Each structure stands twice: as C-alpha cells, then as structure tokens.
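Examining the three-dimensional arrangement
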Amino acid sequence: MVRRNVSELRAGMVLAEDVLTPGGRFLMPKGTTLDHGHLKSLLAWNLPDVGVMGEVLADAPPPVSDEAAVAAAAEAAVAERLCLLDPEHPLTPLLHRLALAGEIRRRKAASGDAPAAPPHDHAPRPVEDAPPPMASPDMLLRDEPKLVSPPEVYLRISEVLRDPASTVEDAAASIRHDPSLAAKLLRLVNSPFYARTMRAVRGRFPSKVDSLSRAVVVVGGRQLATLALGVSVLPLFQDIPPHWVNMRVFWEHSVGCAVAAQAIASALGREGAEAAFVAGLLHDIGRIVLFKQASAHMAAAMRRAAAGREPLYLAERELLGFDHAALGGLLLQKWQFPANLEKMVRYHHDLDEPLFVEEPAIVHLADCLATAMGWGASGNRHVARLSPAAWDSLGLGAEDVARLLPGMEARLAETMHSFFPDRQP
Ligand SMILES: [Fe+2]
Ligand SMILES: [Fe+2]
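Residues numbered from 1 in each chain as written. Chains lettered and ligands numbered in written order. Predicted model: local features only at pLDDT ≥ 70, side-chain atom pairs only at ≥ 80, totals over all residues. Heavy atoms only, no water.

The next subject is the overall build of the chain. A tally of regular secondary structure across the chain gives 21 helices and four strands. Partitioning the intrachain contacts of the chain with sequence separation of at least 6 by distance along the chain shows that 71% fall at a separation of at least 24. (Helix = DSSP H or I, 4+ residues; strand = E, 2+ residues; numbered from the N terminus. Contact = heavy atoms within 4.5 Å.)

Rendered as structure tokens:
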C-alpha cells in the first residue's frame, strides 16, 4: 500500500483501506476502483491522503488501459467480491477464475474515454441521520400504492394459471391484452438460446415464433403464462433512485439470476424451468421496495455490509428485522403468485431449514453465480457463502457449473436485449 495525497489520485487506482470522512463516517470501502465520481467525492471531503494499492502506483500512475493495472484492479475487485466464499468449496476456485476473466474483459471494454465504475464499485451516499424506527413489511407495501394492486394484465394471466381447465387460447388471450408485454415475450422466446433449450427439452421448436398463438403452442400455455406473469410486473419496478443502483445494473443482476436459475433447473431435468426463470427475475424485488421506502435503513445497511464485509441481506436483518427476500415473498403472496414462485423468492437466502431446501436452492445458487460473475448488481458487494444444504440438495458438481456458465452468459446478453431492446447489449 502507498499513501497518496487526494490531489494525486487517478481513476483506476484501487483503495487499499476503507476511507472515512474527517468525522469518522464510512465513505468508501477498501477495494473500490476509483472513477471520476469517487475522485470528486474524495476531493469534496477535503481528506489529507488515502492508501491505494500497489507499488506500481507509487510514482506516476499508469493509465487504466495498461494491462497490468487492469489485471491488478480486477484481481483486487474479484478477491473482495468473493472473500466470503468457503475456500475449500469445489466451486470457489472455478468462480474465482471465471469471475476474474469476466472482470478483466469488462474493465478493458470500459477503459475508453470516461472510465465507468463497475457495478460493485458504487458507494452508497453517506447519510448523516440515524435511521428512524422501522415500519413493518406490511406497512412498507401499503405505502407504495402501485404495488397494492398489480397490473390488470397480470390478474388475467394469473386467473388462467389458477384455473386447471384453462386452454392455451385462454393464455394467449390474457397476454394479448397488453401489446408491449406480448412483444417482450415474443422477443424472449425467439432468442436463439431459448429456442435451443426448448428443442432439447420439448423436441421440435421452429426457428421463428411469429405470433402469440404459435408461441403458446410451442412453449406451452402454462409456461408462457408463467413467463408473462414475471415480465408483466417489471414496469412497476423501473424507478429505483439512481444513487442506489442503476436500473439497468439491477435488472442485469436479476436477469443473470433468472437465466442461471432456468439453466440449472433444465440441467437437473426439473419441470417448470420457466418458474425458475421468473423466480430469478423477481428474487431481489423486495430490495427495490426497500430502496424506495426504507432508504435511511438501506444506506446504513449498505455501509455496514461494506465495512464489515458481510452480505447485505444480513445487514438488512440486523437493521430492519427482516430482509428483502422476506419482503419480496410477502409481495408475491399478496399478489397470489403460484406458491412455488413465492417460496423460491422468500427463501433464497434462507436455506438452512431442510423443508425449504429444494426449489429455493436453485435460485440461491443462481444468485451466487450472478453475483460472483459480476452480472449487474443489486446493492450487494460480497457474494454470500453458498449454503452447503442447498449445494448438496442440487447434486451438481463444479464441472457441471463450468459447463453451464458460458451458455448462461450468452443468454444473459440476449435476454437483456429482449427486455431493453433500445439499449446496446
Ligand atoms: Fe437476494
Ligand atoms: Fe440477488
């Protein structure tokens, strides 16, 4: 570590220690790769000097595009992100290797003009006041009026799902009421990866599914309705305050978890891979409610998690009395989502109770993979330790995960494009 005057800091340098304000409040965690926003903030706090990593930075700092500096910064970021994983677990070396390769790729791609901070480097804004007493999860949901009643199209689709006598035409009719939802679903089922998976699982799958009726026949009415259920509620969660987590970054984490959960469920030969996809998509949805309705608590929780190197869901439990998974489960319960979906969301961080191990274990592993690989972020800096009960219940080996990960990564890019077609994949 070397100490540098704040005026000598450059984008791309990595903090070798936590940075506190002169008043002793937590500002940025060790391991943060500095970008222009961080530099401004450090200057604004008028700090004398801070510790940054590496002898190589002692003299003139190398540009971010320098191979060695990029590799060192990526290594530090990945080591910090994965620091809670059990070093003895068979998955840990694999995740470290693949996460590092991904991090280097991302940093090289971003080292153009203005360096964009990777998702994990967003520091929470300092909040000066202590959090006020916490409302109950019920109150939080009641205070968000548009969450009280889900969109109308959702109600039609969930009716179809609940009625065992419903037909594929009923499913198509329920979705057709919302043209933008129908368009999103068609893009989703037309992605090459989805088509390949469906061909493997259900045999014949046409190269292009051009109408909703055809999509229903090909994918299956209930499966398409399940996908529609998840996709139909996404517009409700598009206004996250940007200083917390950028919306695209949050959805990238959610979609990453969704594609990983679907791939794991398919690899295990489980029925209902679409349900795993939707559960992955919505697994952290309670956190959006918390960012909006309990921002002071979340600021404190994020500071505590970053400073104490603990998973954010544990800091939430300490400060709120419950976590985002419980809140998300409650929301899905209120909306009468199918029970298996609700359970996968509610228990994705709570795998020690043998009763709940099976289905939530898929989302738990998928979340671990998405966070470890740096696919977006939902406010969490550190990958939580993988539950041994969840890992054992799935019966997978590290080599299975290694085989699945490249496909998940490709599907993530495709699916992000189908949800956000106007943006660059
Ligand atoms: Fe979570
Ligand atoms: Fe997550």
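Regular strands place their side chains on alternate faces of the sheet. Taking every second residue as pointing to the same face, the buried face of strand S1 (residues 2-5) carries Val-2 and Arg-4, while none of Arg-3 and Asn-5 on the other face is buried. Pairing geometry for S1 and strand S4 (residues 49-52), over four bridges, is antiparallel. When the bridges of S4 are listed, Asn-5 appears paired with Asp-49. (Buried < 20%, exposed > 50% of the residue type's maximum accessible area, 1.4 Å probe, protein only. Pairing = 2+ DSSP bridges.)

Every protein donor of the iron ion (ligand 2) is listed here as His-253 (NE2), His-283 (NE2), Asp-284 (OD) and Asp-367 (OD), and their distances to the metal cover 2.1 to 2.3 Å. Geometry at the iron ion (ligand 2) is irregular, judged from its four donor atoms and the angles of 86 to 176° they form at the metal. The motif formed by the donor residues of the iron ion (ligand 2), counted along the single chain, is H-x29-H-D-x82-D. Metal-to-metal, the separation of the iron ion (ligand 2) and the iron ion (ligand 1) is 3.7 Å; Asp-284 coordinates the two. Within this pair, whereas Asp-284 is found in the loop between helix H13 (273-282) and helix H14 (285-293), its partner Asp-367 is found in helix H19 (residues 358-372), the two being separated by 83 residues in sequence. (Donors = N, O, S within 2.8 Å, 3.2 Å for Na, K, Ca; no water. Tetrahedral: all angles 85-135°; square planar, octahedral: opposite > 155°, others 65-115°.)

On the surface, Glu-159, Asp-163, Glu-169 and Asp-170 cluster together to form a negatively charged patch. For Asp-170, a relative accessible area of 35% corresponds to the partly exposed category. (Patch = residues over 30% accessible without salt bridge, like charges linked within 9 Å, V, L, I, M, F, W, Y side chains within 5 Å. Areas by Shrake-Rupley, 256 points an atom, 1.4 Å probe, with all protein chains shown as cover. Salt bridge = Lys/Arg side-chain N within 4 Å of Asp/Glu carboxyl O. Lys, Arg positive; Asp, Glu negative; His and termini not counted. Charge placed at Lys NZ, Arg CZ, Asp CG, Glu CD.)

At 2.1 to 2.2 Å from the iron ion (ligand 1) lie its protein donor atoms, namely Asp-284 (OD), His-324 (NE2), His-348 (NE2) and His-349 (NE2). If you look at the iron ion (ligand 1), its four donor atoms make angles of 79 to 174° with each other, and the shape they trace is irregular. Donor residues binding the iron ion (ligand 1) come from one chain and are separated in sequence as D-x39-H-x23-H-H. His-324 gets classed as buried once you look at its relative accessible area, which sits at 0%.

Next up on the list: the pattern of salt bridges. Inspection of every chain in the model, using the stated rule, returns 14 salt bridges. Where Glu-80 meets Arg-309, a salt bridge forms, and the shortest distance between an N and an O atom there is 2.6 Å. Of this pair, Glu-80 sits in helix H2 (residues 67-81) while Arg-309 is found in the loop between helix H15 (295-308) and helix H16 (312-320), placing the two residues 229 residues apart along the sequence. Given a relative accessible area of 13%, Glu-80 falls into the buried group. A salt bridge links Arg-107 to Glu-103, with the shortest nitrogen-to-oxygen separation between them at 2.9 Å. Taken as a pair, Arg-107 and Glu-103 lie in helix H3 (residues 91-110) at a separation of four residues, close to a single helical turn. The pair Arg-107 / Glu-103 is uniform in exposure class, with both members buried. Through salt bridges with shared partners, a single network forms among Arg-81, Glu-103, Arg-106 and Arg-107.

Residues of helix H6 (residues 152-162) that are buried include every one of Val-153, Tyr-154, Ile-157, Ser-158, Val-160 and Leu-161, and no others. Down the axis, H6 shows its buried residues gathered within 155° of arc, on one side only. Projecting away from the buried face of H6 at angles above 90 degrees are the exposed residues Glu-152 and Glu-159. Those residues of H6 that are buried are in contact with helix H7 (168-176), helix H8 (179-189) and helix H11 (221-232). (Arc of directions from axis to C-beta.)

One finds Leu-91, Phe-237 and Met-408 to be the most contacted residues of the largest nonpolar core, which totals 113 residues. In terms of residue count, helix H12 (residues 247-267) provides more of this core than any other element does, 13 residues in total. Those residues in contact with Met-408 that lie beyond four places of it in its chain are Val-259, Ala-260, Ala-263, Ile-264, Leu-369 and Trp-375. (Core = buried A, V, L, I, M, F, W, Y, C linked by side-chain atoms within 4.5 Å.)

The next point concerns the packing of aromatic side chains. All chains considered together, the criterion is met by two aromatic pairs. Between Phe-250 and Trp-251, the aromatic rings sit 5.5 Å apart at their centres with planes inclined by 85°, giving edge-to-face as the arrangement. Of the two residues examined, Phe-250 and Trp-251, each falls in the buried class. When the ring of Trp-335 is compared with that of Phe-337, the centres are 6.4 Å apart and the planes differ by 25°; the resulting orientation is stacked. Phe-337 shares its class with Trp-335; the two are buried. (Phe/Tyr/Trp six-rings, centres within 6.5 Å; stacked < 30°, edge-to-face > 60°.)

A separate point is the packing of H14 against helix H17 (residues 324-334). Two numbers describe how H14 lies on H17: the axes approach to 7 Å, and their chain directions differ by 105°. Between H14 and H17, the interaxial angle falls into the category roughly perpendicular. Contact residues: Ile-285, Gly-286, Arg-287, Val-289 and Leu-290 in H14; His-324, Leu-327, Gly-328 and Leu-331 in H17. Residue classes in the contact of H14 with H17 are distributed as five nonpolar, three polar and one charged. (Axes fitted to C-alpha atoms, helices over the stretch in contact; angles between N-to-C directions. Parallel < 35°, antiparallel > 145°, perpendicular 65-115°, else oblique. Nonpolar A, V, L, I, M, F, W, Y, C, P; charged D, E, K, R; others polar.)

Here the focus is the environment of Ala-390. Counting through the fold element by element, Ala-390 comes out in helix H20 (residues 388-394). Residue class for Ala-390 comes out buried when judged on its relative accessible area of 1%. A C-alpha to C-alpha distance of 9.6 Å links Ala-390 and His-348, two positions 42 residues apart in sequence.

Another point: the environment of Pro-311. Inspection of the secondary structure assignment puts Pro-311 in the loop between H15 and H16. Sequence separation between Pro-311 and His-382 is 71 residues; the distance between their C-alpha atoms is 5.7 Å. Setting aside anything within four residues of it in sequence, one finds Pro-311 in contact with Leu-84, Ala-305, Asn-380 and Ala-384.

Looking now at the confidence of the model for the chain. Of all residues in the chain, 81% attain a pLDDT of 70 or more, and the chain-wide mean is 80. Below pLDDT 50 for its whole length, residues 55-62 participates in eleven contacts with residues either more than four positions away or in separate chains. Segment residues 113-128: pLDDT under 50, and 46 contacts once partners within four positions in sequence are set aside and those in other chains are kept. (pLDDT = per-residue confidence, 0-100.)

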